[in-house]
Amino acid sequence: MKTVEFGRGTTKVTASNDLPLTIIAGPCQLESRDHAMMIAETMAEACQKAGAGYVFKASYDKANRTSLSGKRGLGMEDGLSILAYVREQIGCPVLTDVHGPEQCQAVADAVDVMQIPAFLSRQTDLLVAAGETGAVVNIKKGQFLAPWDMPNVISKVESTGNENILLTERGASFGYNTLVADFRSLPTMAKTGYPVIMDATHSVQQPGGQGGSTGGQREFAPVMARAAVSLGIAGVFIETHQDPDTAPSDGPNMISLDQMPALVSSLMEFDKLAKADPCRV
(Lines give C-alpha, C1' and ligand atoms only; values in the text may rest on other atoms or scores of the structure.)
Protein backbone atom coordinates (compact mmCIF):
# COMPACT_ATOMS: atom_id res chain seq x y z
CA MET A 1 0.00 0.00 0.00
CA LYS A 2 1.21 3.47 -0.89
CA THR A 3 1.62 6.14 1.79
CA VAL A 4 0.87 9.80 1.10
CA GLU A 5 2.23 12.35 3.57
CA PHE A 6 1.21 15.98 3.67
CA GLY A 7 1.10 18.92 6.05
CA ARG A 8 3.98 20.48 7.94
CA GLY A 9 6.10 19.77 11.00
CA THR A 10 4.39 17.94 13.82
CA THR A 11 0.99 18.33 12.17
CA LYS A 12 1.80 16.13 9.17
CA VAL A 13 -0.85 13.65 8.16
CA THR A 14 0.10 10.27 6.77
CA ALA A 15 -2.64 8.59 4.76
CA SER A 16 -2.57 4.90 3.90
CA ASN A 17 -5.09 2.07 3.81
CA ASP A 18 -2.90 0.31 6.39
CA LEU A 19 -2.43 3.20 8.84
CA PRO A 20 -4.75 4.81 11.43
CA LEU A 21 -7.72 6.71 10.02
CA THR A 22 -7.59 10.27 8.73
CA ILE A 23 -10.65 12.51 9.04
CA ILE A 24 -11.23 15.15 6.35
CA ALA A 25 -13.95 17.43 7.70
CA GLY A 26 -15.33 20.94 7.53
CA PRO A 27 -18.20 22.95 6.09
CA CYS A 28 -19.29 22.49 2.50
CA GLN A 29 -18.75 26.15 1.74
CA LEU A 30 -16.54 28.77 3.36
CA GLU A 31 -18.70 31.37 5.10
CA SER A 32 -16.21 33.52 7.03
CA ARG A 33 -12.82 33.27 8.71
CA ASP A 34 -14.37 33.05 12.18
CA HIS A 35 -16.75 30.30 11.07
CA ALA A 36 -13.95 28.28 9.50
CA MET A 37 -11.80 28.65 12.61
CA MET A 38 -14.63 27.58 14.90
CA ILE A 39 -15.22 24.37 12.96
CA ALA A 40 -11.51 23.66 12.50
CA GLU A 41 -10.80 24.11 16.21
CA THR A 42 -13.64 21.78 17.21
CA MET A 43 -12.64 19.10 14.73
CA ALA A 44 -8.91 19.32 15.44
CA GLU A 45 -9.56 18.84 19.15
CA ALA A 46 -11.91 15.90 18.54
CA CYS A 47 -9.46 14.17 16.20
CA GLN A 48 -6.49 14.72 18.48
CA LYS A 49 -8.42 13.23 21.40
CA ALA A 50 -9.45 10.19 19.35
CA GLY A 51 -6.04 9.67 17.76
CA ALA A 52 -7.11 10.46 14.21
CA GLY A 53 -5.27 12.54 11.65
CA TYR A 54 -7.19 15.69 10.74
CA VAL A 55 -7.53 17.71 7.52
CA PHE A 56 -9.78 20.79 7.35
CA LYS A 57 -11.86 21.07 4.18
CA ALA A 58 -14.01 23.82 2.71
CA SER A 59 -14.79 25.17 -0.76
CA TYR A 60 -14.19 28.77 -1.81
CA ASP A 61 -16.50 28.29 -4.81
CA LYS A 62 -19.35 25.84 -5.34
CA ALA A 63 -19.22 25.89 -9.10
CA ASN A 64 -21.85 23.19 -9.72
CA ARG A 65 -24.86 24.43 -7.77
CA THR A 66 -28.23 23.04 -8.83
CA SER A 67 -29.71 26.49 -9.44
CA LEU A 68 -28.23 29.68 -10.85
CA SER A 69 -29.41 31.41 -7.67
CA GLY A 70 -27.49 29.03 -5.37
CA LYS A 71 -24.84 30.68 -3.17
CA ARG A 72 -21.40 29.85 -4.55
CA GLY A 73 -19.11 31.05 -1.78
CA LEU A 74 -16.51 33.70 -0.99
CA GLY A 75 -14.48 33.41 -4.17
CA MET A 76 -10.94 32.27 -4.77
CA GLU A 77 -8.92 35.19 -3.35
CA ASP A 78 -10.78 35.51 -0.05
CA GLY A 79 -11.27 31.76 0.25
CA LEU A 80 -7.61 30.86 -0.17
CA SER A 81 -6.66 33.55 2.33
CA ILE A 82 -8.96 31.97 4.93
CA LEU A 83 -7.70 28.47 4.22
CA ALA A 84 -4.09 29.59 4.58
CA TYR A 85 -5.00 31.30 7.86
CA VAL A 86 -6.66 28.13 9.22
CA ARG A 87 -3.58 26.11 8.28
CA GLU A 88 -1.31 28.57 10.07
CA GLN A 89 -3.43 29.01 13.20
CA ILE A 90 -4.74 25.48 13.73
CA GLY A 91 -1.65 23.75 12.36
CA CYS A 92 -3.63 21.21 10.36
CA PRO A 93 -3.45 20.47 6.63
CA VAL A 94 -6.22 22.06 4.55
CA LEU A 95 -8.09 20.91 1.42
CA THR A 96 -10.18 22.68 -1.19
CA ASP A 97 -11.59 22.10 -4.69
CA VAL A 98 -10.21 23.29 -8.01
CA HIS A 99 -12.38 23.76 -11.07
CA GLY A 100 -10.01 24.70 -13.87
CA PRO A 101 -6.32 24.22 -14.79
CA GLU A 102 -5.61 27.92 -14.33
CA GLN A 103 -6.52 27.71 -10.63
CA CYS A 104 -4.18 24.89 -9.68
CA GLN A 105 -0.92 26.64 -8.87
CA ALA A 106 -2.52 29.36 -6.75
CA VAL A 107 -4.50 26.74 -4.85
CA ALA A 108 -1.39 24.59 -4.33
CA ASP A 109 0.40 27.60 -2.84
CA ALA A 110 -2.33 28.03 -0.19
CA VAL A 111 -3.41 24.50 0.70
CA ASP A 112 -1.99 21.02 1.20
CA VAL A 113 -4.53 19.03 -0.80
CA MET A 114 -6.33 20.07 -3.96
CA GLN A 115 -9.50 18.18 -4.71
CA ILE A 116 -10.83 17.25 -8.13
CA PRO A 117 -14.64 17.39 -7.97
CA ALA A 118 -16.45 14.22 -9.01
CA PHE A 119 -18.06 15.87 -12.04
CA LEU A 120 -14.55 16.82 -13.30
CA SER A 121 -12.76 13.54 -12.59
CA ARG A 122 -12.14 12.78 -16.29
CA GLN A 123 -10.98 16.29 -17.25
CA THR A 124 -7.48 15.56 -18.53
CA ASP A 125 -6.16 19.13 -18.54
CA LEU A 126 -7.33 19.69 -14.97
CA LEU A 127 -5.82 16.44 -13.68
CA VAL A 128 -2.50 17.12 -15.38
CA ALA A 129 -2.35 20.72 -14.12
CA ALA A 130 -3.11 19.55 -10.58
CA GLY A 131 -0.41 16.88 -10.79
CA GLU A 132 2.17 19.34 -12.08
CA THR A 133 1.94 21.40 -8.88
CA GLY A 134 3.35 18.49 -6.86
CA ALA A 135 0.60 18.94 -4.26
CA VAL A 136 -1.50 16.07 -2.95
CA VAL A 137 -4.42 15.50 -5.32
CA ASN A 138 -7.66 14.03 -3.96
CA ILE A 139 -9.71 12.68 -6.85
CA LYS A 140 -13.39 12.14 -6.24
CA LYS A 141 -14.66 9.26 -8.34
CA GLY A 142 -17.33 10.54 -10.70
CA GLN A 143 -20.90 9.43 -10.06
CA PHE A 144 -20.77 8.09 -13.63
CA LEU A 145 -17.58 6.01 -13.24
CA ALA A 146 -17.00 2.44 -12.13
CA PRO A 147 -14.28 1.90 -9.51
CA TRP A 148 -12.22 -0.10 -12.00
CA ASP A 149 -12.16 2.99 -14.26
CA MET A 150 -9.99 4.88 -11.77
CA PRO A 151 -6.58 3.60 -12.97
CA ASN A 152 -7.17 5.61 -16.16
CA VAL A 153 -7.79 8.70 -14.04
CA ILE A 154 -4.77 8.00 -11.85
CA SER A 155 -2.48 7.67 -14.86
CA LYS A 156 -3.22 11.26 -15.89
CA VAL A 157 -1.85 12.60 -12.60
CA GLU A 158 1.00 10.08 -12.52
CA SER A 159 2.08 11.26 -15.99
CA THR A 160 3.41 14.41 -14.29
CA GLY A 161 5.57 12.38 -11.90
CA ASN A 162 3.21 13.14 -9.00
CA GLU A 163 2.14 10.06 -7.02
CA ASN A 164 0.66 12.02 -4.11
CA ILE A 165 -2.85 10.82 -4.87
CA LEU A 166 -5.95 10.07 -2.80
CA LEU A 167 -9.06 8.37 -4.22
CA THR A 168 -12.50 9.22 -2.85
CA GLU A 169 -15.75 7.28 -3.22
CA ARG A 170 -18.90 9.42 -3.11
CA GLY A 171 -21.61 7.18 -4.54
CA ALA A 172 -22.92 6.42 -8.01
CA SER A 173 -25.94 7.83 -9.85
CA PHE A 174 -28.92 5.53 -9.56
CA GLY A 175 -31.96 6.71 -11.46
CA TYR A 176 -33.20 10.24 -10.87
CA ASN A 177 -32.11 12.33 -7.84
CA THR A 178 -30.55 9.32 -6.15
CA LEU A 179 -27.09 8.04 -5.31
CA VAL A 180 -26.09 4.62 -4.03
CA ALA A 181 -22.80 3.55 -2.46
CA ASP A 182 -21.40 0.22 -3.61
CA PHE A 183 -18.91 -0.77 -0.93
CA ARG A 184 -17.17 -3.11 -3.35
CA SER A 185 -15.66 0.05 -4.81
CA LEU A 186 -13.47 0.64 -1.74
CA PRO A 187 -11.39 -2.56 -1.90
CA THR A 188 -11.46 -2.34 -5.70
CA MET A 189 -9.87 1.11 -5.66
CA ALA A 190 -7.53 0.01 -2.87
CA LYS A 191 -6.02 -2.47 -5.34
CA THR A 192 -4.33 0.52 -6.98
CA GLY A 193 -2.33 0.88 -3.75
CA TYR A 194 -3.42 4.48 -3.27
CA PRO A 195 -5.16 5.66 -0.09
CA VAL A 196 -8.95 5.36 -0.34
CA ILE A 197 -11.31 7.86 1.27
CA MET A 198 -15.07 7.45 1.84
CA ASP A 199 -17.18 10.57 1.41
CA ALA A 200 -19.88 9.75 3.94
CA THR A 201 -21.96 12.89 3.49
CA HIS A 202 -22.05 13.37 -0.30
CA SER A 203 -22.93 9.70 -0.69
CA VAL A 204 -26.29 10.40 0.97
CA GLN A 205 -27.10 13.35 -1.29
CA GLN A 206 -30.25 13.51 -3.36
CA PRO A 207 -28.92 15.59 -6.29
CA GLY A 208 -31.47 18.18 -7.33
CA GLY A 209 -33.92 16.44 -5.03
CA GLN A 210 -35.48 19.66 -3.75
CA GLY A 211 -36.13 21.12 -7.18
CA GLY A 212 -33.89 24.17 -6.97
CA SER A 213 -31.37 22.58 -4.62
CA THR A 214 -29.92 19.25 -3.56
CA GLY A 215 -31.56 17.19 -0.84
CA GLY A 216 -30.08 14.53 1.36
CA GLN A 217 -30.54 12.02 4.16
CA ARG A 218 -28.02 13.08 6.79
CA GLU A 219 -29.22 10.41 9.22
CA PHE A 220 -27.50 7.81 7.03
CA ALA A 221 -24.12 9.57 6.82
CA PRO A 222 -22.77 7.99 10.04
CA VAL A 223 -23.97 4.62 8.75
CA MET A 224 -21.95 5.10 5.56
CA ALA A 225 -18.90 6.15 7.56
CA ARG A 226 -19.01 3.14 9.89
CA ALA A 227 -19.57 0.67 7.07
CA ALA A 228 -16.66 2.07 5.06
CA VAL A 229 -14.21 2.24 7.97
CA SER A 230 -14.97 -1.37 8.89
CA LEU A 231 -13.39 -2.41 5.57
CA GLY A 232 -10.04 -0.81 6.37
CA ILE A 233 -9.54 2.42 4.43
CA ALA A 234 -7.31 5.47 4.73
CA GLY A 235 -9.86 8.08 5.64
CA VAL A 236 -13.37 9.47 5.82
CA PHE A 237 -14.58 12.74 4.29
CA ILE A 238 -17.41 14.37 6.27
CA GLU A 239 -19.01 17.76 5.86
CA THR A 240 -20.16 19.33 9.11
CA HIS A 241 -21.85 22.52 10.29
CA GLN A 242 -23.08 23.82 13.63
CA ASP A 243 -26.57 24.28 12.15
CA PRO A 244 -26.88 22.27 8.91
CA ASP A 245 -30.41 23.50 8.22
CA THR A 246 -29.10 27.05 7.76
CA ALA A 247 -25.96 26.12 5.79
CA PRO A 248 -25.68 27.80 2.38
CA SER A 249 -25.08 24.49 0.60
CA ASP A 250 -25.46 20.75 1.22
CA GLY A 251 -27.21 21.23 4.56
CA PRO A 252 -29.52 18.19 4.15
CA ASN A 253 -26.59 15.77 4.11
CA MET A 254 -24.20 17.45 6.58
CA ILE A 255 -23.67 16.12 10.12
CA SER A 256 -24.21 18.53 13.01
CA LEU A 257 -20.90 19.66 14.51
CA ASP A 258 -21.93 18.71 18.05
CA GLN A 259 -22.25 15.07 16.94
CA MET A 260 -18.80 14.88 15.41
CA PRO A 261 -16.58 14.16 18.46
CA ALA A 262 -18.60 11.06 19.35
CA LEU A 263 -18.66 9.90 15.72
CA VAL A 264 -14.89 10.33 15.31
CA SER A 265 -14.28 8.38 18.51
CA SER A 266 -16.56 5.59 17.29
CA LEU A 267 -14.93 5.49 13.86
CA MET A 268 -11.50 5.08 15.42
CA GLU A 269 -12.71 1.98 17.26
CA PHE A 270 -14.00 0.49 13.99
CA ASP A 271 -10.69 1.44 12.37
CA LYS A 272 -8.64 -0.41 14.98
CA LEU A 273 -10.61 -3.60 14.36
CA ALA A 274 -10.33 -3.26 10.60
CA LYS A 275 -6.60 -2.57 10.57
CA ALA A 276 -5.91 -5.47 12.95
CA ASP A 277 -7.38 -7.89 10.40
CA PRO A 278 -7.38 -6.21 6.96
CA CYS A 279 -9.93 -7.32 4.37
CA ARG A 280 -8.42 -7.21 0.88
CA VAL A 281 -9.54 -8.52 -2.50
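Look up a bit, the structure's there.
For the structure given in this document, a descriptive report is provided here. From a predicted model like this one, the values you see are computed outputs, not experimental measurements. (Residues numbered from 1 in each chain as written. Predicted model: local features only at pLDDT ≥ 70, side-chain atom pairs only at ≥ 80, totals over all residues. Heavy atoms only, no water.)

This part covers the overall build of the protein chain. Secondary structure summary: the protein chain contains eight helices and 15 strands in total. Here the C-alpha atoms of the protein chain give a radius of gyration of 17 Å, agreeing with the 19 Å that 2.2 N^0.38 yields for 281 residues. In terms of its C-alpha atoms, the protein chain occupies a principal-axis envelope of roughly 45 × 45 × 40 Å. Across the 281 residues that make up the protein chain, the buried fraction comes to 54%. When contacts within the protein chain are restricted to residue pairs at least 6 apart in sequence, those whose partners lie at least 24 apart make up 68%. (Helix = DSSP H or I, 4+ residues; strand = E, 2+ residues; numbered from the N terminus. Rg over C-alpha atoms; globule rule 2.2 N^0.38 Å. Buried < 20%, exposed > 50% of the residue type's maximum accessible area, 1.4 Å probe, protein only. Contact = heavy atoms within 4.5 Å.)

Right, let's get into helix α4 (residues 124–132). Among all positions of α4, only Leu126, Leu127, Ala129, Ala130 and Gly131 are buried. Directly after α4, the chain includes Gly134, whose backbone phi takes a positive value near 85 degrees.

The general pattern is negative phi for most residues beyond glycine and trans for most peptide bonds. Phi is positive for Asn177, close to 55 degrees, though the residue is something other than glycine. When you line up the elements, Asn177 lands in the loop between β9 (172–173) and β10 (179–180).

Further remarks concern the packing of aromatic side chains. Counted by the stated rule, this structure contains zero aromatic pairs. In this structure, Arg33 is placed above the aromatic ring of Tyr85, and the distance from its NZ or CZ to the ring centre is 4.1 Å. Directly above the aromatic system of Phe237 lies the positively charged group of Lys140, at a separation of 3.9 Å from the ring centroid. (Phe/Tyr/Trp six-rings, centres within 6.5 Å; stacked < 30°, edge-to-face > 60°. Lys NZ or Arg CZ within 6 Å of the ring centre and 35° of its normal.)

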